[in-house]
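# Per-entry structural report
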Amino acid sequence: MKKKFRFQWGAFLMFLVYGGLFFLLFGRILFIQATGQAEGKVMATLAESKYARESVLKADRGTIVDRNGELIASDTLSYRLIAVLSKDASKGSKKPLHITDIEKTAEVLAEYLPLEKDAIVSRLTNVKAETYQVEFGKAGRDINHETVMAIKKQKLPGLLFIEDQTRYYPNGVFASYLIGFAMKEEDSERNVTTVGKMGLEKTYNKELNGTDGKVDFKSDGFGFMLPKAEEAIVAAKDGYEIQLTLDKTIQNFMEDAMNRVESEYSPKKILAVVADPKTGKILAMSQRPAFHPSTREGLTENWLNQAVETTIEPGSTTKMFTVAAAIEEKKWVPTDFFKSGQYTLYDRTIRDHNITGWGYISFLEGFQRSSNVSMAYLLERMGDKTYIEYLRKFGFGEKTGIDLPNEAPGRILDTYPIERLTTAFGQGSTVTLMQMMQAATAIANEGVMMKPYVIDKITDPNTGKIIKDQKPEEQGRPVSAKTAKEVRELLASTVTSKYGTGKKFALNGYTVGGKTGTAEIPNPSGNGYLAGHGNYLYSFLGMAPAEDPQLLTYVIVQQPKLKAGEIGSDPVSKLFTSIMDNSLRYMNIVPSGEDIVEPTVIRDYTGKDSADAIVKLQEDGFVPEIIGEGGEIDIQYPYAGTKLVEGSVVLLHTKGVTALPDFTGWSKKMVLSYKMLSGLDLRLNGDGYVTEQSLSKGSVIGLEEPVVIKLQSPSEIYKPVEEDTQEEDVVGG
């Protein structure tokens, strides 16, 4: 009896335990079905939270900025689309969390994705039965916020939008072959990363790529964090910021000018580079055809940055280095005469573009007329082997070492005397644009040749540490300062002389020194050179102001479609004058002329009273502008020691509330400086100089209130140079 009682009591206890567990489980199921929640978490969000964790600690790819910190390339928020197919995703939810109507879903998505409806239907149906979800490849990535919101308005179940990043190029067609582009790639394990495919994006891919972070935590079988579980967070490390020597404003001047010339003349090729000859910094670089780095629209089979990776026969622009060598060797006598027209070396005859010549003319006139024969006689005087040595001193025949990949070395033809002769006027031997720019820095910079570079600084944004800080680097001194000055005077005479081939390249208010070039183009068939009106490579390598060059610009236009009466220098001069004039004015370079005002060195006003500083600045001919309420000056811009021309604005930062100045006539650079010092929300629209502002002078505003400032380029403000002279196409001219 006692044993039977124990058995019944034990059975009763088991019934209580298992029965209780059953009712608990049954009640839990009823609760989930009724509320759609488990452990306080809404079941409808489980699928999305599963994926949302993937991008929580996603590293940003590094930004690329210009020398003033203005954005050129960066990561921006985008989304990728996931379509959930499995019915399991909807278990325990009041609303379906998987796709229930494939036809309707495909019809809506086809309006927003670059996929046809049939392709979307196929993607959603041609899957294995156990497939949980699918993605849409490239078409389903890099979706912008506006598109996501539009699709979400359709309230289609089963579509998830996961936050992602895409590469953003806000300036469109902008130094595209220099910057290149980056795009998403998927590896064998279906991990998607951004990879640089071309240009700086590819060359510095390792530096730009960040390291993703992660969150480790203890979780239950469903992947939910257990209560009071500790997280182990490994922070994401963003990619390095690359600051270029490019100036966004000057680059935009170049792009605009190239667009106009391309539209008017439809040339086979346009190349242009602007540099600071004192430092070797490349301020702008572009080519046509070009492409949009975000869409790759316009990208052809050519992926080369042609200023660095391809070579040309430059034509008569080379003559500035031939004359420089002759001057350095004391073989240049500008008043000596020679017979122009043709010159015979053994069994070969070279000719001037005017094959009958101009009779006996001086070497000075020969240079201004771009006479090939004058170069031949100079070669006789200094020795052709000596000349080749000077070319090598100028850096030809070897790479400049610019911080860009796949640089071509070019080739100096030096085997036969005729090769040395034709090289003297720019045919036969080959060069890169970058070699020509580097060599010309010696002429512009008192005989000191500067190495070109495009990377100014590389910074780790996670620590603020500067990884690379490039400084100007001397590449040699091929000629003396005296020789360089004499060459600049000769180059200026090609623009001002009545015989000069460079008259079309004159600027209003600035002296220009430079050399034209009209080079023959090797026939692609390998037989001789192309011929015919416009079938040449036209160029101009120039500097300004000629007395003390601040900018060096090289432009090339190949095979433009010239109209009746036009010559090759027409499209080239339209490029050069537009780029140079706009850039000089933007940089506040002092114009030349009889009424020129010598620059004045600004004093140090920090720590001094603003009222006293205003008086002294006005006495020096400057325009002081107070930021704040006045009193003690804690920051000034430009800094002490800077040379400024009369009428320049000087910013004096003090404490207190700031009243808006009249920005009219200010350069973009000065407005950006004001914005930085004042902290005001100034929104700039356009490039060049200020013409309008949304709030008037004297307005007192908060830091959050935006002020819109409109700028226009000088080409819209100033009239272009009028020219009515005509010249013939000149081979070597």
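These numbers were taken from a predicted model, which means no experiment stands behind them.

## Considering the pairing of strand S12 (residues 269-275)
Of all seven residues in S12, seven are buried, a share of seventy percent or more. What you see with S12 is no split at all: Lys269, Leu271, Val273 and Ala275 on one side and Ile270, Ala272 and Val274 on the other are buried throughout. Two strands pair when backbone bridges link them, and S12 and strand S24 (residues 551-558) are joined in this way by seven bridges, in the antiparallel orientation. If you follow Val274 over to S24, its bridge partner there is Thr553. Note that S12 and strand S13 (residues 282-288) share six bridges and pair antiparallel. Residue pairing across strands places Val273 opposite Met285, the latter belonging to S13. Between the end of S12 and the start of S13, which pair antiparallel, lie six residues, with Gly280 showing a positive phi angle near 90 degrees.

## Focus: the sheet that holds strand S30 (residues 682-685)
Across the sheet, which stays open at both edges, the three strands sit in the order S30-S32-S31 with mixed pairing between neighbours. Of all strands in the sheet, those with a lone pairing partner are S30 and strand S31 (689-693), marking the two edges. The sheet shows a mean angle of 35 degrees between the axes of neighbouring strands, taken without regard to direction.

## Looking at the pattern of salt bridges
For the coordinates displayed, the defined rule picks out 30 salt bridges. Between Arg288 and Glu255 there is a salt bridge; the shortest N-O distance is 2.8 Å. Remark: Glu255 occurs in helix H9 (residues 248-265) and Arg288 occurs in strand S13; sequence separation between them is 33 residues. Across this residue pair, the class does not change: Arg288 and Glu255 are buried. One salt bridge in this structure joins Glu474 and Arg477, with 3.0 Å as the shortest N-O distance. When its relative accessible area of 59% is taken as the criterion, Arg477 is described as exposed. Each of the salt bridges in this network shares a partner with another, and the network as a whole consists of Arg61, Asp75, Arg167 and Glu201.

## Some details on empty space enclosed by the protein
Evaluation of the coordinates by the stated rule reveals five cavities of 30 Å³ or more. Roughly 80 Å³ of internal volume is contained in the second largest cavity. Along the walls of the second largest cavity sit Pro314, Thr318, Leu391, Phe396, Ile412, Thr423, Gly426, Ser429, Val431 and Met436, which together make up its complete lining. In terms of residue class, the lining of the second largest cavity is made up of six nonpolar, four polar and no charged.

Rules used throughout
- Residues numbered from 1 in each chain as written.
- Predicted model: local features only at pLDDT ≥ 70, side-chain atom pairs only at ≥ 80, totals over all residues.
- Heavy atoms only, no water.
- Buried < 20%, exposed > 50% of the residue type's maximum accessible area, 1.4 Å probe, protein only.
- Helix = DSSP H or I, 4+ residues; strand = E, 2+ residues; numbered from the N terminus.
- Pairing = 2+ DSSP bridges.
- Axes fitted to C-alpha atoms, helices over the stretch in contact; angles between N-to-C directions.
- Salt bridge = Lys/Arg side-chain N within 4 Å of Asp/Glu carboxyl O.
- 1 Å grid on protein atoms, 1.4 Å probe; cavity = no way out; pocket = protein on both sides within 12 Å on 5 of 7 lines; lining within 4 Å.
- Points joined across faces, edges and corners; volume = space filled by probe spheres on them.
- Nonpolar A, V, L, I, M, F, W, Y, C, P; charged D, E, K, R; others polar.

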